[in-house]
Amino acid sequence: MIVTTSPTNLDVAKIREDFPILGIRSASDRPLVYFDNAASTQRPTSVIEAMSRCYREYYSNVHRGIHTLSEASTQAYENARATVASFMNASSTNEVIFAAGTTAAINTVSRSWGDQNLSQGDVILLLISEHHANIVPWHQLAERVGCRVEFISVDEEFLIDDEAVASALRMHQPKLFAFGAASNTLGTEYPVKRWTRMAHDAGATVLIDAAQAAPHWKMDVQDWDADFIVFSGHKVCGPTGIGVLWGRESLLDSMPPFLGGGGMIQTVTTDGFTAHALPEKFEAGTPPIVEAIGLEAAIDYLTDVGMDNIHAHERLLGTRADAGLREINGVRVIGPTAEHKGGINSFVIDGVHAHDVSQFLDGQGVAVRAGHHCTMPLHHAIGVTATSRASCYFYNTVEEVDVFLQAVSDVRDRFAKTGRRRRSRSSRSNS
Amino acid sequence: MPNEQDIYEEHVLDHYEDPYHRGTLDTASHMHEGNNPLCGDRIVITLKLDDSGKVAEAWFEGEGCVISQASASMLIERMEGKTIEEVKAFTAEEMLELFGPKLTPNRQKCCLLSWKILQSALHSPIGEDGDSSAPSGPSLGEEQ
């Protein structure tokens with residue numbers, strides 16, 4: 001039985017009623033403890049219903065028909081853009097591009113701004129903790145134009161201090177500093193505004209991967225003052241297949257379109273084309289219409305709950321999980337101390353592989369992530385192949401953290417070696 | 001859906017704790033290294049193929065989960081003494097059958113890692129650049 005008390009301002013029991021999937025039993029017939037929120041969150045009924053209502057009642061393609069349904073869909077799609085702009089405190093809806101997700105958004109910047117502005121010898125500066133989505137597009141750009149990709153390391157406490165950033169900016173004079181606002185593996189929350197200012201002072205353009213920030217903190221693009229900020233819908237209780245590329249309007253205006261096709265053009269002739277104005281310039285093809293409507297419903301939901309409440313509750317859960325993990329014999333937390341983190345805790349257990357940890361926890365009804373979490377360079381740098389990761393969200397409870405901790409403390413017993421021998425063909429054994 | 005108890009059968013844990021031919025073969029004629037992009041685990045397989053076209057000796061080296069390590073041990077034990085044609089003809093389905101417990105698709109990738117590397121090792125003589133002719137094997141696509 002899961003009780004849902006929280007010393008923070010959230011009525012978690014009431015919130016959980018809004019998420020149908022949180023009520024299911026796990027495959028092992030225990031209550032589901034969903035701790036894989038950094039990979040993807042779950043959806044409240046309001047999101048599911050908003051999308052379903054569009055398909056049932058007013059769906060059509062956007063920006064094309066004159067008929068009533070197309071007008072209704074177009075209106076809803078553009079309303080969603082306005083909601084996203086307000087969620088990020090963007091100064092104009094022209095700065096809000098709908099993309100397929102964070103990955104697609106970063107690739108768009110790489111292909112459009114990157115190809116236009118970077119060349120042989122230029123440097124792109126990243127953190128070693130970046131997700132592959134914020135590494136591979138820059139490696140690809142480097143292959144195309146001959147620029148270099150450099151990384152800032154974490155220290156022995158898994159932290160990156162201002163001096164490390166300042167020193168890397170001085171040493172490399174990067175054209176672009178692209179960094180995750182929070183690490184999806186270490187859980188560290190980085191000072192986005194301060195680092196953006198430092199990078200601008202050093203002459204770099206700044207891209208912030210907010211995939212792990214948008215779900216948890218109040219975003220303010222005008223205050224952060226970066227040049228590009230990207231995030232995904234499915235990590236903020238919205239649908240898959242949609243994300244946001246926010247860019248400074250003057251920058252987006254100066255960039256060539258990336259994908260070409262319908263919807264992004266002003267005119268097309270047998271000789272060529274002229275591109276549409278923002279934001280359609282970067283939205284070739286039929287956009288994620290229903291996904292945008294779902295994303296709007298998700299943002300409305302999070303805004304109602306309150307981003308500050310969400311963050312406070314996650315920190316409460318994350319801190320409890322961090323403290324509990326550090327007390328378990330044989331467990332090593334892969335990340336800094338709790339005051340630097342939100343709701344993410346990665347760890348390794350001495351002598352047990354992350355896949356087996358995850359499999360065992362699944363048997364206890366606890367869903368965690370196992371592997372490299374799309375951060376292979378980070379795992380390589382800290383000398384582990386795979387970790388397990390528990391990531392909480394505002395609909396998780398203190399009691400769920402305790403179920404998780406109990407399961408982790410049982411893992412080592414389950415996989416402790418007991419001097420077993422193979423029974424078949426062992427006579428052919430080792431020389 | 002298989003549960004945790006079903007997967008870690010006794011004979012699986014036996015192979016995990018007491019693997020067959022874990023190590024590298026100094027006198028190997030063939031070798032291949034590969035990884036599972038899902039978790040980053042790496043396995044190296046070394047083979048000694050004899051003049052009659054048989055796998056005279058096979059060894060594996062690597063770190064990984066119970067499934068990947070136990071399945072590698074079972075595979076190496078089963079394939080030793082077989083002809084190259086017999087090893088090539090040993091399918092993914094047969095590997096899963098050899099392993100025993102039913103696995104979910106993601107855990108099947110753990111189980112098939114050594115099988116895939118063994119297939120490539122047959123085409124990777126040491127001292128030559130044999131990789132280009134290696135079969136790509138099943139996709140172990142990266143997680144998102």
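What you are looking at is a predicted structure, and each value in this text was computed from that prediction instead of being measured.

Calculation rules
Residues numbered from 1 in each chain as written. Chains lettered and ligands numbered in written order. Predicted model: local features only at pLDDT ≥ 70, side-chain atom pairs only at ≥ 80, totals over all residues. Heavy atoms only, no water. Pairing = 2+ DSSP bridges. Helix = DSSP H or I, 4+ residues; strand = E, 2+ residues; numbered from the N terminus. Axes fitted to C-alpha atoms, helices over the stretch in contact; angles between N-to-C directions. Contact = heavy atoms within 4.5 Å. Buried area = accessible area lost by both parts, 1.4 Å probe. Salt bridge = Lys/Arg side-chain N within 4 Å of Asp/Glu carboxyl O. 1 Å grid on protein atoms, 1.4 Å probe; cavity = no way out; pocket = protein on both sides within 12 Å on 5 of 7 lines; lining within 4 Å. Points joined across faces, edges and corners; volume = space filled by probe spheres on them. Nonpolar A, V, L, I, M, F, W, Y, C, P; charged D, E, K, R; others polar. Domains from an automatic or database assignment. Polar contact = N/O pair within 3.5 Å; in protein donor to acceptor, adjacent residues only side chain to side chain.

A. Structural detail: the sheet that holds strand E2 (residues 42-49) of chain B. All names here are of chain B. Pairing within the open sheet is antiparallel, and its 3 strands lie in the order E1-E2-E3. Lying at the two open borders of the sheet, with one neighbouring strand each, are strand E1 (30-35) and strand E3 (55-62). When strand polarity is set aside, the average angle formed by the axes of neighbouring strands in this sheet is 15°. Here 6 bridges tie E1 to E2, and the two strands are oriented antiparallel to one another. Paired with His32 across the strands is Ile45, a residue of E2. Contacting E2 and E3, helix H3 (residues 66-79) crosses the sheet at an angle of about 170° to E3. Across the sheet, helix H6 (residues 105-121) lies against E1 and E2, angled at about 40° from E2, the strand it touches most.

B. Main features of the sheet that holds strand E11 (residues 331-333) of chain A. Residue and element names in this part refer to chain A. One open sheet accounts for 4 strands, arranged E11-E12-E15-E14; its pairing is antiparallel. Every other strand in the sheet has two partners, leaving E11 and strand E14 (369-371) as the edge strands with one partner each. Put simply, the sheet's adjacent strands are angled 30° from each other on average, direction ignored. Here E14 runs beside strand E15 (residues 387-391); their pairing, made up of 3 bridges, is antiparallel. In the strand pairing of E15, Arg369 is matched with Arg389. Packing of helix H11 (residues 307-327) onto the sheet brings it into contact with E11 and strand E12 (344-349), and relative to E12 it is tilted by some 15°.

C. Just the interface of chain A and chain B, in detail. Contacts between the two partners involve 35 residues from chain A, matched on the other side by 35 residues from chain B. Interface area for chain A against chain B, summed over the two sides, is near 3100 Å², with a carbon-plus-sulfur share of 43%. Summed over the shared surface of chain A and chain B, the result is 7 salt bridges. Note that A:Arg422 is salt-bridged to B:Asp18, the shortest N-O span being 4.0 Å.

D. Up close: the layout of surface pockets. Size it by volume and the second largest pocket reaches roughly 480 Å³. Along the wall of the second largest pocket there are 23 residues; nearest its centre are A:Gly351, A:Val352, A:His353, B:Glu63 and B:Gly64. Only E12, helix H12 (354-363) and E15 of chain A provide two or more residues apiece to the lining of the second largest pocket. At 3 residues, the largest contribution of residues to the lining of the second largest pocket is made by E12(A). Its residues assigned to classes, the lining of the second largest pocket comprises 9 nonpolar, 8 polar and 6 charged.

E. Region of interest: the domain arrangement of chain A. Residue and element names in this part refer to chain A. Under the domain assignment, chain A is made up of domain 1 (12-31 + 306-413) and domain 2 (48-304). Averaged C-alpha coordinates put domain 1 and domain 2 at centres separated by 28 Å. Domain 1 puts 36 residues into the contact, and the matching count from domain 2 is 32 residues. Here domain 1 and domain 2 share an interface that buries about 2600 Å² over both sides, 62% of which is from carbon and sulfur atoms. If you look at where domain 1 meets domain 2, you find 2 salt bridges. Two residues, Glu189 and Arg315, come together in a salt bridge whose shortest N-O distance is 3.7 Å. Across the contact surface, domain 1 and domain 2 share 16 residue pairs in polar contact (both at pLDDT 80 or more). Secondary structure elements with two or more residues in the side of domain 1 that touches domain 2: H11, E11, E12, helix H13 (376-382) and E15. Its residues placed into classes, the side of domain 1 that touches domain 2 shows 18 nonpolar, 11 polar and 7 charged.

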